[in-house]
Amino acid sequence: MKNVALHILDLVQNSARAKAGKVQISINEDPGKDIYLLSVEDDGEGMEEEQLQKATDPFFTTRTTRKVGLGLSLIRQNAERTGGSFSLSSVPGKGTRLEAAFVMNHPDRLPLGEIDDVLVLLAVGLPHLRLIYNHTAPGGQYKFDTEAIGEIIGDIKDCNLEIRKFLREMIIENLKEIRAEAYKINPLP
Amino acid sequence: MNKIKSIDDLKQLRENMQAKIRLRESSSHPENIVRIKVAMSTCGIASGAKEIMNFLMDELESQAIEAVVTQTGCMGYCYAEPTIEVTLPGKDPVVFGDVDKFRASQIIEKYIIHNELVDGILPVNYRTIDN
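Predicted, not measured: the structure shown is a model, and the values here were computed from it.

Some details on the overall build of chain A
A count of helices and strands for chain A gives six helices and six strands. A compact globule built from 189 residues would reach a C-alpha radius of gyration of about 16 Å, and chain A, at 17 Å, matches this within 12%. If one aligns the C-alpha atoms of chain A with their principal axes, the spans along those axes are about 45 × 40 × 25 Å. The buried share among the 189 residues of chain A stands at 42%. Of the contacts made within chain A by residues no fewer than 6 positions apart, 62% connect residues no fewer than 24 positions apart.

Digging into the overall build of chain B
Each helix and strand counted, chain B has four helices and four strands in total. Counting helices and strands in the order they occur from the N terminus, chain B gives α-β-α-α-β-β-β-α. The buried share of chain B, taken over its 131 residues, is 30%. Once local pairs closer than 6 in sequence are excluded, the contacts in chain B between residues at least 24 apart make up 68%.

A closer look at the interface of chain B and chain A
Counting from both sides, the interface comprises 29 residues of chain B and, opposite them, 31 residues of chain A. Elements with a contribution of two residues or more to the side of chain B that touches chain A: helix H1 (7-27), helix H2 (42-46), helix H3 (49-62) and strand E2 (67-72) of chain B. Ranked by residues supplied to the side of chain B that touches chain A, first place goes to H1 of chain B with six residues.

Considerations on the sheet that holds strand E6 (residues 140-145) of chain A
Residues and elements named next belong to chain A. Judged by pairing direction, the sheet is mixed, and its six strands sit side by side in the order E3-E4-E2-E1-E5-E6 without closing on themselves. If you trace the sheet from one side to the other, it starts and ends with strand E3 (85-91) and E6, each paired once. This sheet shows a mean twist of 10° between the axes of neighbouring strands, independent of strand direction. Bridge count between E3 and strand E4 (residues 95-103): seven bridges; the pairing is antiparallel. Across the sheet, Ser85 pairs through a bridge with Ala101, a residue of E4. Against the sheet, helix H3 (residues 71-80) touches E3 and E4, its axis set at about 140° to E3.

What to know about H3 of chain B
Residues and elements named next belong to chain B. Relative to the 20 Å expected for 14 residues at 1.5 Å per residue, H3 spans 20 Å between its end C-alpha atoms, a close match to the ideal helical length. Buried residues of H3: Ala49, Lys50, Ile52, Met53, Leu56, Met57 and Leu60, and no others. Taken down its axis, H3 places every buried residue within 165° of arc, on the same side. One or two positions beyond H3, positive phi appears at Ala64, with a value near 55°.

Considerations on the sheet that holds strand E3 (residues 84-87) of chain B
Residues and elements named next belong to chain B. Pairing is mixed in the open sheet, where four strands are placed in the order E2-E1-E3-E4. Each having just a single partner strand, E2 and strand E4 (94-96) make up the two edges of the open sheet. For this sheet, the mean angle separating the axes of adjacent strands, direction not counted, is 20°. For strand E1 (residues 34-39) and E2, the ladder comprises six bridges, and the chain directions are parallel. Its bridge partner lying in E2, Ile36 is registered against Val69.

Some thoughts on the environment of Cys74 of chain B
Positionally, Cys74 of chain B belongs in the loop between E2 and E3. C-alpha separation for the pair Cys74 of chain B and Gly44 of chain B, spaced 30 residues apart in sequence, amounts to 7.4 Å.

Side note on the packing of helix H4 (residues 115-125) of chain A against H3 of chain B
Packed helix pairs are characterised by how far apart their axes lie and by the angle those axes make with each other. Relative orientation of the contacting elements H4 of chain A and H3 of chain B amounts to 65°, with a least axis distance of 11 Å. Seen from above, H4 of chain A lies across H3 of chain B with left-handed handedness. When H4 of chain A is examined against H3 of chain B, the residues Asp117, Leu121 and Gly125 of chain A are found in contact with a partner set consisting of Lys50, Met53 and Asn54 of chain B.

Some thoughts on the confidence of the model for chain B
Averaged over all residues, the pLDDT of chain B is 84; the fraction at 70 or higher stands at 84%. Scoring of the predicted complex yields 0.88 for pTM and 0.84 for ipTM.

Digging into helix H4 (residues 101-114) of chain B
All names here are of chain B. Here H4 is 14 residues long and its end C-alpha atoms lie 18 Å apart, about the 20 Å a rise of 1.5 Å per residue gives. Along H4, the sharpest kink reaches roughly 30°, centred on Ile107. Along H4, the positions that sit buried rather than exposed are Ala104, Ile107, Ile108 and Ile112.

Looking at the environment of Arg109 of chain A
All names here are of chain A. Inspection of the secondary structure puts Arg109 in the loop between E4 and H4. On the basis of neighbour counts, which here come to 20 C-beta atoms within 10 Å, the residue Arg109 falls in the buried class. C-alpha of Arg109 to C-alpha of Val4: the two residues are 105 residues apart in sequence and 9.2 Å apart in space. Those residues within four positions of Arg109 in sequence are excluded, and the remaining contacts are Tyr36, Thr82, Phe102, Val103 and Met104.

Cut-offs and rules
Residues numbered from 1 in each chain as written. Chains lettered and ligands numbered in written order. Predicted model: local features only at pLDDT ≥ 70, side-chain atom pairs only at ≥ 80, totals over all residues. Helix = DSSP H or I, 4+ residues; strand = E, 2+ residues; numbered from the N terminus. Rg over C-alpha atoms; globule rule 2.2 N^0.38 Å. Buried ≥ 20, exposed ≤ 12 C-beta atoms within 10 Å, placed from the backbone. Contact = placed C-beta atoms within 7 Å. Pairing = 2+ DSSP bridges. Axes fitted to C-alpha atoms, helices over the stretch in contact; angles between N-to-C directions. Expected span 1.5 Å × (residues − 1). Arc of directions from axis to C-beta. Left-handed = near helix turned anticlockwise from the far one by under 90°. pLDDT = per-residue confidence, 0-100. Bend = angle between axes of the 7 residues up to and from the residue.

Listed below in structure tokens is the structure:
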């Protein structure tokens, strides 16, 4: 995975497969503590302890279509090679929470990537899932909630080109606002 | 500096578009909708499924083809990602592999519009994958 946005796209698919109705994604940039924290929390089926232990093993998967499961192992690897940490906790029947902490200024820390694109694709591509994205940076906080958007548009599946473009611009502009101010220069990628 | 876009602006945009959308809704027949699922798992994402999904949505809309594009999981054809499943009205789903932009536009031109088969069909003993 080239960036954090692609990891999010990937992780949310796990939640969708676990029959989650709501996924909360949050990114917290803290240049002071040099921590870049990604967390993804869903209300899906959850995992038993045994399965949880094996979840980041690349040769473990619950799928029957193939023998490897790389999504979680890749994000774990990406977090740990910056000197950060990774944790996964789950309550069967309640949901799963993932936390990947990156060292923010480490050269191997992945850039955020096209988060606007990913959020809009998820909103349109997985219409039954409520997605809440919370981005905190030194300049403030931005929240993107597909429920609020669904209320206005009606059926989010019907998003046309113009609305998708608007949503992407809205996300970019808001993120730029909360990120640029604090760093004075251009925000970190 | 321009004002930052917010949810309120979306309301505004939606109201302006209302008339146009209503026109579309009244013309739509659910049984005539083309359904496309893009395999969006780790393998698909790594091979560029995101770009293909964007391309398909934009292209179908600009050609005024009524279609719903959604995401699905890995179908087990990791070697042939990006893969997409196309269901034409009243037909069985067909899975296409190694879909790049060229092939995607071919699928729209030939398969969706003219019902001709194109390269890259994966021989699936077919049952649709819902998760």
